[in-house]
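Fold and geometry: a report
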Amino acid sequence: MGDLLVSKPIIIDSHKGSYEVNLQNGPISNLFKSPDQEAVYIIDEKIYKLYEAEIKPVIDYGRFILIDANERNKSLEKFPDYISSLMGQQMTRDQTLISIGGGIVQDITCFIASTLMRGVSWKFIPTTLLAQSDSCIGSKSSINSGDIKNILGTFNPPKEILLNVHFLETLAADDILSGVGEMIKVHAIDSPESFDRISSKYEELLREPNLMREFIFQSLLIKKKIIEIDEFDMKERNVMNYGHSFGHAIESATSFSIPHGIAVTIGMDMANFVSMKLQNTTEDNFLRMHDVLMKNSIVARKTFIDSARLIEALYKDKKNTKTKLRLILPDMKGRIKIGLYEKTPELSDHISEYLNLYHQI
Ligand SMILES: NC(=O)c1ccc[n+]([C@@H]2O[C@H](COP(=O)([O-])OP(=O)(O)OC[C@H]3O[C@@H](n4cnc5c(N)ncnc54)[C@H](O)[C@@H]3O)[C@@H](O)[C@H]2O)c1
């Protein structure tokens, strides 16, 4: 992996043609020197404050809206305000939305781009590790309605992604771990060997920006393989939900107080435990993955996860059929596989047992 050409664009095929992830090596200000005069910008409020000097040309250009990136602001109920603001900026169908932020601002922009005037084009400048290493590709938008997370959505890839890893220098430690959680997930899905590779470099990865950059690109290359086979998430792509059925349920059971990728990290460990209890995978596989998953979720330890609330949320997961749970679990060889499982009392007991052990550590 050391010789990976990380400055080469990654080209993704999609139902709307191909689009590129372009790595920008220079200073962040290079991205904003000449604002696109046919665009309206949707900017994470924190990025606006942290990078005011760098994005000044966009601010002077004047056509932008700011969004405070939190799950409440990703709710359908907030969209009338966004639409009014955009239309107040004289947005027309032939113009582009340019999104600057993490997964939340991405989801909001992508959803608006899919529906505003029956669709406008959009570009993305991801500023969090989660968005740079995972969510920026794959076409999906997911927004919340009331307290149901990610229940509405569309498939609509951006026209281009401009990726500058310097944004990560201001990211909070928890948000770095959240992104690393998604990177671990992608590697686990690729193969047990890929998982072991990222797991063995875990500490180094957090210290070394160059290694981080290589793993970001490696994660995108793994995800590219899967989304190009099944962009619309009908079959093979379901595997990307490894750790997510449990992870979303953990987020819901803790009122979104655990960052998404950290909830996914705990969700992977829980999935491995449940798989072991169901005799789908070996104890060795559970233990092989357990240490790094624990390290990456240590910051969430102080948050209590209620087992009844978690199970209730898990049973409402949108991937379930009417009678069965769709879970993504490791098999005997540690390969991550999609399966349908009965909603049995034993399954709930395994989850409660996991949480009892989890809260004892
Ligand atoms: N559409 C998809 O394919 C997809 C995939 C995975 C996750 N998601 C969604 O993404 C969201 C999580 O995304 P996220 O982890 O990027 O979080 P986020 O967008 O909430 O950002 C996390 C925090 O970091 C701040 N921030 C952003 N960039 C920063 C920077 N460079 N420096 C300092 N602070 C910065 C934000 O203001 C926010 O407070 C969830 O809502 C999840 O459902 C979407």
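For clarity, every value in this text was computed on a predicted model and none was experimentally measured. (Residues numbered from 1 in each chain as written. Predicted model: local features only at pLDDT ≥ 70, side-chain atom pairs only at ≥ 80, totals over all residues.)

Looking at the overall build of the protein
When helices and strands are counted, the protein shows 14 helices and 11 strands. Taken against the 2.2 N^0.38 rule, which gives 21 Å for 361 residues, the C-alpha radius of gyration of the protein at 20 Å falls within 12% of a compact globule. When the backbone C-alpha atoms are referred to their principal axes, the protein occupies close to 60 × 45 × 40 Å. Looking at the protein as a whole, 43% of its 361 residues are labelled buried. Pairs at least 24 apart in sequence give 71% of the contacts found in the protein among residues at least 6 apart. (Helix = DSSP H or I, 4+ residues; strand = E, 2+ residues; numbered from the N terminus. Rg over C-alpha atoms; globule rule 2.2 N^0.38 Å. Buried ≥ 20, exposed ≤ 12 C-beta atoms within 10 Å, placed from the backbone. Contact = placed C-beta atoms within 7 Å.)

Description of the domain arrangement of the protein
Taken domain by domain, the protein comprises domain 1 (10–170) and domain 2 (173–360). Its C-alpha centre places domain 1 at a distance of 26 Å from the equivalent point of domain 2. Each partner contributes to the interface: domain 1 provides 22 residues, whereas domain 2 provides 28 residues. Those elements that provide at least two residues to the side of domain 1 that touches domain 2 are strand E1 (10–14), helix H5 (129–135) and strand E8 (148–155). It is H5 that provides the largest number of residues to the side of domain 1 that touches domain 2, a total of 5 residues. Residue composition of the side of domain 1 that touches domain 2, grouped by class: 10 nonpolar, 8 polar and 4 charged. (Domains from an automatic or database assignment. Nonpolar A, V, L, I, M, F, W, Y, C, P; charged D, E, K, R; others polar.)

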